[in-house]
Amino acid sequence: MKELTLPLSKEQVKDLHAGDSVNITGVILTARDCAHKRIMQYIKEGRPLPFALENAIIYYAGPCPAKPDMASGSCGPTTSARMDSFAPALLDLGLGGMIGKGEMCNEVAEALKRNTAIYFAAIGGAGALYGNAIKKSECIAFPDLLSEAVYRLEVQNFPAVVAMDCHGGNIYR
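Cut-offs used in this document
Residues numbered from 1 in each chain as written. Predicted model: local features only at pLDDT ≥ 70, side-chain atom pairs only at ≥ 80, totals over all residues. Heavy atoms only, no water. Phe/Tyr/Trp six-rings, centres within 6.5 Å; stacked < 30°, edge-to-face > 60°. Helix = DSSP H or I, 4+ residues; strand = E, 2+ residues; numbered from the N terminus. Buried < 20%, exposed > 50% of the residue type's maximum accessible area, 1.4 Å probe, protein only. Lys NZ or Arg CZ within 6 Å of the ring centre and 35° of its normal. UniProt positions renumbered as here; feature names shortened; annotations may be inferred. Pairing = 2+ DSSP bridges. Right-handed = clockwise from strand over helix to strand, strands pointing away. Contact = heavy atoms within 4.5 Å. Salt bridge = Lys/Arg side-chain N within 4 Å of Asp/Glu carboxyl O.

A few words now on the packing of aromatic side chains. On inspection of all chains with the given rule, the structure shows 4 aromatic pairs. The interplanar angle of 85° and the centroid separation of 5.1 Å between the aromatic rings of Y59 and F158 together place this pair among those described as edge-to-face. With Y59 in strand β3 (residues 57–59) and F158 in strand β7 (residues 150–164), this residue pair connects regions lying 99 residues apart in the sequence. Here Y59 matches F158 in class, with each residue buried. Taken together, the ring pairs in this structure connect Y59, Y130 and F158 into an aromatic cluster. Directly above the aromatic system of Y42 lies the positively charged group of R47, at a separation of 3.9 Å from the ring centroid.

This is the structure in structure tokens:
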């Protein structure tokens, strides 16, 4: 198990290979389908995003409301392939990587290689586990999207697997 602290440098990304188990500590952002559509709308219109995209890791998830004394409720991954049409453009704009569930398309694989970026797989059905890894949660963009808004999560010991690396490695193939 590799211990990773975000943000990752390009050298750290180069040292990761498909199949590596990791524990992630640091800041990740959440964004699902609706948030991605809004992000792309901002970019198309030339409007600045309300958060930094450079070297960020986007978790394809929407956190459930927190119980008392918790930073977040359950926060499991959603199907990453739904973001296939957005990911290459975001990677080309500096996104450092993504966390989600399931395989992504060849265009995403090429964008990961081109940008020295990474795609981590989270465990489907383990939302409570991931919710417990969240130490702080704050909505930072698009609150009207509710659970699909962009949240800034501070995570500690967030388990994942390198699913697609910057060398073309892919656990799904």
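Of note, the bond from L6 into P7 is cis; its omega dihedral lies within 30 degrees of zero at 0°. If you trace the backbone, P7 turns up in the loop between β1 (2–5) and α1 (10–14). Within the chain, N55 stands out as a residue other than glycine whose phi angle is a positive 65°. Residue position: N55 is located in the loop between α2 (33–45) and β3. The class of N55 is partly exposed, set by a relative accessible area of 32%. The backbone of F142 sits at a positive phi, close to 60°, despite the residue not being glycine. Considering the arrangement of structural elements, one finds F142 in the loop between β6 (134–141) and β7.

Moving on, we come to the UniProt feature "domain: Fe-S hydro-lyase tartrate dehydratase beta-type catalytic" (unreviewed entry) in the chain. Following the UniProt record, one finds the feature "domain: Fe-S hydro-lyase tartrate dehydratase beta-type catalytic" (unreviewed entry) at residues 7–172. In the segment residues 7–172, helix accounts for 25% and strand for 27%; the C-alpha atoms at its two ends are 25 Å apart.

Side chains I118 and F120 of strand β5 (residues 118–121) all project onto a buried face; the interleaved residues Y119 and A121 project onto the opposite face, where all are buried too. Sheet topology places strand β4 (residues 97–100) next to β5; 4 bridges connect them, and they run parallel. The residue of β5 that forms the bridge with I99 is F120. Read as a crossover between parallel neighbours, the route from β4 over helix α4 (residues 106–115) to β5 is right-handed. Taken together, the 3 bridges between β5 and β7 define a ladder with antiparallel strand orientation. The residue of β7 that forms the bridge with F120 is V162.

Once that is clear, we can look at the environment of P77. Position of P77 among the secondary structure elements: in the loop between β3 and α3 (87–92). Separated by 14 residues in the primary sequence, P77 and P63 have C-alpha atoms spaced 9.4 Å apart. The contacts of P77, once residues within four sequence positions are left out, are Y59, Y60, A61, G100, K101, A122, I123, G124 and Y130.

Scanning the model with the defined rule gives 10 salt bridges in all. Measuring nitrogen to oxygen at the nearest pair gives 3.2 Å for the salt bridge that ties E45 to R47. Residue E154 pairs with R152 through a salt bridge whose shortest N-O separation is 2.8 Å. On the accessibility criterion, E154 (29% relative accessible area) is partly exposed.

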